[in-house]
Amino acid sequence: MFDRVLGIPAHPLFIHAAVVLVPLLALTAVLYAVWPASRRHIRWPLVAFALTAPGSVFFAKESGESFSGNRAFQAPQVRALIAEHEDYADTLFWVIVGLAVVALVMAFMIPAAAGGSSRIKAPAPAHWVASGLSVVLAIAAAYYVYKTGDSGAHMVWSGF
C-alpha cells in the first residue's frame, strides 16, 4: 500500500505533504499559544493541521520503510544512512503526535475570544502548560522535520 502510487515510488510523493503540514501545524500552534488576538481566526486551521499533519508523517514514514527495502539500498554504508534517516523520522512522528494532541487541547480549552465561549474554561495553570508545551513541541517538530528531510536529501543528491 505504501510502495507505489500510479507506478511511482510513494515516498517522494508523500514526503511533500509532511514537509508542508508539519511546519504549518508548528507555526499555527505557536501563534495560537502566544497571540490571543489570533485565536478566533486560526482555531479551525489549527484543528485541521492537528488532524492531518500526523497522518502525513505516518504515510511518509511507512512509504519510506517500504522504499528502503529496495535491493539497490542494501550496501552497508547506505543502510547506515537510511537508519539515521529513519531514526529522525521515528522521532518526528512521536513529536508531531504530541504537538497535535496539545494543539487540539488548546483549540478546545483556551478561549478563542474575549467574552467567553462555549468551550471548556481552562484554569490559568493548564493554559500556561499547554501553551508552553506547544511551543517546545513546535520547535522540536521544526527541528526534526528539517533533520529528517536534510538527511534524506543528502542521500539522494550525494548518490549515497
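Residues numbered from 1 in each chain as written. Predicted model: local features only at pLDDT ≥ 70, side-chain atom pairs only at ≥ 80, totals over all residues. Heavy atoms only, no water.

Along the polypeptide, S158 turns up in helix 4 (residues 124–158). Using a relative accessible area of 51% as the deciding quantity, one classes S158 as exposed. For the pair S158 and F2, spaced 156 residues apart in sequence, the C-alpha to C-alpha distance is 25 Å. A polar contact is formed between the side chain of S158 and the backbone oxygen of H154, at a distance of 2.4 Å. (Helix = DSSP H or I, 4+ residues; strand = E, 2+ residues; numbered from the N terminus. Buried < 20%, exposed > 50% of the residue type's maximum accessible area, 1.4 Å probe, protein only. Polar contact = N/O pair within 3.5 Å; in protein donor to acceptor, adjacent residues only side chain to side chain.)

So, about the pattern of salt bridges. A full pass over the atoms with the stated rule returns three salt bridges. In this structure, D90 engages K61 in a salt bridge whose closest nitrogen and oxygen atoms are separated by 3.4 Å. Of this pair, D90 sits in helix 3 (residues 76–109) while K61 sits in helix 2 (residues 39–67), and the two are 29 residues apart along the sequence. Taking the relative accessible area as the measure of exposure, D90 reaches 29% and is therefore partly exposed. Salt bridges sharing common partners tie together K61, E62, E65 and D90. (Salt bridge = Lys/Arg side-chain N within 4 Å of Asp/Glu carboxyl O.)

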